[in-house]
Amino acid sequence: MNRVKLLFFATLRDRAGTKAVELDVPSDLTVLGLKHKISDEYPNLKESMKSVLITINREYAFDETVIPPNAELAMFPPVSGGSWR
Amino acid sequence: MNRVKLLFFATLRDRAGTKAVELDVPSDLTVLGLKHKISDEYPNLKESMKSVLITINREYAFDETVIPPNAELAMFPPVSGGSWR
Amino acid sequence: MLRLLRAENHRPRNDVINIMNFPTIFSITEDEIDLNDLLAKITLTSTGAAAIFTGMVRGLTTRNEAHETEYLEYEAYIPMAEAKMKQVAEEIRERWPVVEGIAIVQRIGKLYPKTPTVLIACTAAHRDTGVFEAARYGIDRLKEIVPIWKKEVSPDGEFWVEGEYIPKAGE
Amino acid sequence: MLRLLRAENHRPRNDVINIMNFPTIFSITEDEIDLNDLLAKITLTSTGAAAIFTGMVRGLTTRNEAHETEYLEYEAYIPMAEAKMKQVAEEIRERWPVVEGIAIVQRIGKLYPKTPTVLIACTAAHRDTGVFEAARYGIDRLKEIVPIWKKEVSPDGEFWVEGEYIPKAGE
């Protein structure tokens, strides 16, 4: 098992009700696997998993990526900084 | 004869050695005629007349324009404000 | 539904703003150009984006004939320059009616390297409506028709910088 | 002739400046965005032009669903946002090597209408070298990849504003 930190931002944080959690995940868990795990453990976030962005160590990550040990993960909606078009 | 005021700027002012003169000009004098008159009366400015810009009452004027009475005329080189490309 | 009704109410009010209250600032000044202040003056409640251009005195030029500049001395035919700045603003509004605020400022006098000498700023509700193009057009036009000149003072001596553009009738 | 010799001497010196001293500023801050200060920080002796974009909080929006905004609340994933701002600056330098200074600033926290919330500024020796395009590219990229979100608070309640862009691998 790998110990990882998972941060939530914006809508995801509101729905999770927390800014961050620590998780033990199987060492071969992919980003897609993480989405399924979060859907199961946080029913409030299930809907969000469809359009969520996931980062590993502050870089965008994709479904097939395997999560490395001690990773800093984050989940958030598409970004909306700057000016709104 | 019309009384007019003629302002000089930038290189034209340096060469004329003055910022402004008052002139009495024939009432049918055109901008082209003015250039000839200035060439004759200010030999230092003769060379400048080739590429000079002339304004009448703060609008760009052209060779065939007739100078109206009491006009504020100005002579200057192509402009170079703002940033230099 | 409430939103849609509100939208209907907004539009005529906003059109009134369009016609009456869009700020246009133009100035020829010996004072420092204050970007914060100018931006605030052309920001309306409906404004979401600003494109600002500033030109600075270069101390070191490498394009074409490379040279150093000690300072530039700017002069203007002030009343005509103000009228032509107003004309540039009008040309911008004609081409980009979405532009809300416009500021055009030329600093004159003796200006040293790194000093902003000219500013043009345009604001609009959104950034994808031509606000960048409007600012770009503004600085290009300024350089063509606004009667301002500069004398360059360098280690090699001083000389007037002349432009090339010959305005056409009606410009 | 003296000039040409001087030009030859300048070039290598200027290349050193290119590589070593071009300032890149990126910051996520709760403080006011000071345009004068940021512009001064990215102006070099060789700089003659700056293109600056700022985004402001709109109090009144008429595009699409018209609505009023009381304030926006910005939040950022700060360390990642800083890394992505740095990446945007690097992308700009790759595409427009003439760009000299770059400043990218996002203000976060509770921000009221008319307040500048984001700034991107690029400087270069001359204005016709892509400095406008570089600033435009910068703000567009910022909106795509820098992890910053805003919650809109309006008379109708509050809601998160979500973007649409899905970054690709390596972005």
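Before reading on, note that the structure itself is shown above.
Everything in this summary refers to the structure shown in the same document. (Residues numbered from 1 in each chain as written. Chains lettered and ligands numbered in written order. Predicted model: local features only at pLDDT ≥ 70, side-chain atom pairs only at ≥ 80, totals over all residues. Heavy atoms only, no water.)

Here's the deal with the relation of the copies chain C and chain D
Between the two copies, chain C and chain D, the superposition gives an RMSD of 0.0 Å; the rotation angle is 180° and the shift along the axis is 0.0 Å. Here the symmetry operator amounts to a two-fold rotation axis. Taking C-alpha positions as the reference, the residue of chain C nearest the rotation axis is C:I52, at 2.5 Å. A shared interface surface links the copies, since 100% of the contact residues of chain C are contact residues in chain D too. (Least-squares fit on C-alpha atoms with pLDDT ≥ 70 in both. Contact = heavy atoms within 4.5 Å.)

Considering the packing of aromatic side chains
Here the structure, examined in full by the defined rule, presents 20 aromatic pairs over all chains. When the centroid spacing of 6.3 Å and the interplanar angle of 80° are considered together, the rings of B:Y60 and B:F76 count as edge-to-face. Residue B:Y60 is found in strand β4 (residues 59-61), and its partner B:F76 is found in strand β5 (residues 72-76); the two are separated by 16 residues along the sequence. One exposure class covers both B:Y60 and B:F76, and it is buried. Positioned above the aromatic ring of C:Y71 is the side chain of C:K110, whose terminal nitrogen or guanidinium carbon lies 4.5 Å from the ring centre. (Phe/Tyr/Trp six-rings, centres within 6.5 Å; stacked < 30°, edge-to-face > 60°. Helix = DSSP H or I, 4+ residues; strand = E, 2+ residues; numbered from the N terminus. Buried < 20%, exposed > 50% of the residue type's maximum accessible area, 1.4 Å probe, protein only. Lys NZ or Arg CZ within 6 Å of the ring centre and 35° of its normal.)

Thoughts on helix α4 (residues 131-145) of chain D
All names here are of chain D. Its 15 residues place the ends of α4 21 Å apart at the C-alpha level, agreeing with the 21 Å of an ideal helix rising 1.5 Å per residue. α4 sits mainly inside the fold: 11 of its 15 residues count as buried. For α4, the full list of buried residues reads V131, F132, A134, A135, Y137, G138, I139, R141, L142, K143 and I145. (Expected span 1.5 Å × (residues − 1).)

A closer look at the environment of A:R15
All names here are of chain A. Within the secondary structure, R15 is located in helix α1 (residues 11-16). By relative accessible area, which is 39% here, R15 ends up partly exposed. Once residues within four sequence positions are removed from consideration, R15 is found in contact with N44, L45 and S48. Within the local environment of R15, its side chain forms a polar contact with the side chain of S48, the two groups lying 2.4 Å apart. (Polar contact = N/O pair within 3.5 Å; in protein donor to acceptor, adjacent residues only side chain to side chain.)

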